[in-house]
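Commentary on secondary and tertiary structure
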Amino acid sequence: MTKNDKIYHITSVCAFVLHICVFVFVVVVGFLPFCEKRNFYECFIGFFGNTLSAVQPYFVMAILFLSCVGAFFSINRPLFSFLVAACTISFFVIATLPYSIEAMIIGFASPWISGNMSTYGIGFDLIVATSYVFYFDISFLIYSIITLFIRSKTN
């Protein structure tokens, strides 16, 4: 095992542990007030339509769990870091999508009509703060690509 492979192994194990911690944190924080005194799970029921409305928040959480699974597989296969980055950004875009759409509509229409933003709670703020893990994912993805390049040159 080369020195680069040892460093990659340690880094990928740390990334896996970080993603497990992020997943557990978001699951727990999801029970705090998210929007209009409702938690994350209550806010996303029916947000994307009425079909399967009761399980929609769990599908959204499954995307974040898929990033944990991808982080586990990226320990030995660096290409899985693409999956990790894609799933992480997908979850956080979906979690902040209602706020973004509402802010855009109110910002656009406020000169003509009076509009008030919804009240977003501490759960929303903590999930948005957790989204900064994506910067780590981007740097880890770049490092994985470099590791793949080094492995291809040495083989």
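Residues numbered from 1 in each chain as written. Predicted model: local features only at pLDDT ≥ 70, side-chain atom pairs only at ≥ 80, totals over all residues. Heavy atoms only, no water.

In this structure, E36 is a non-glycine residue whose phi angle is positive, near 55 degrees. Its identity is not glycine, yet K37 carries a phi of approximately 60 degrees, on the positive side. Within the secondary structure, K37 is located in the loop between β1 (33-35) and β2 (38-39). In this structure K37 comes out as exposed when scored by relative accessible area, which is 81%. (Helix = DSSP H or I, 4+ residues; strand = E, 2+ residues; numbered from the N terminus. Buried < 20%, exposed > 50% of the residue type's maximum accessible area, 1.4 Å probe, protein only.)

The next subject is the confidence of the model for the protein. Scored by pLDDT, the protein has a mean of 87; 94% of the residues are at 70 or more. Element-level pLDDT for the protein is lowest in helix α2 (residues 40-43), with a mean of 82, against a maximum mean of 93 in helix α1 (residues 3-29). (pLDDT = per-residue confidence, 0-100.)

Looking at the secondary structure, you find N4 in helix α1. For N4, a relative accessible area of 17% gives the class buried. Beyond its immediate chain neighbours, meaning those up to four positions away, N4 contacts Y143, T147 and I150. Side-chain polar atoms of N4 contact the side chain of Y143, separated by 3.1 Å. (Contact = heavy atoms within 4.5 Å. Polar contact = N/O pair within 3.5 Å; in protein donor to acceptor, adjacent residues only side chain to side chain.)

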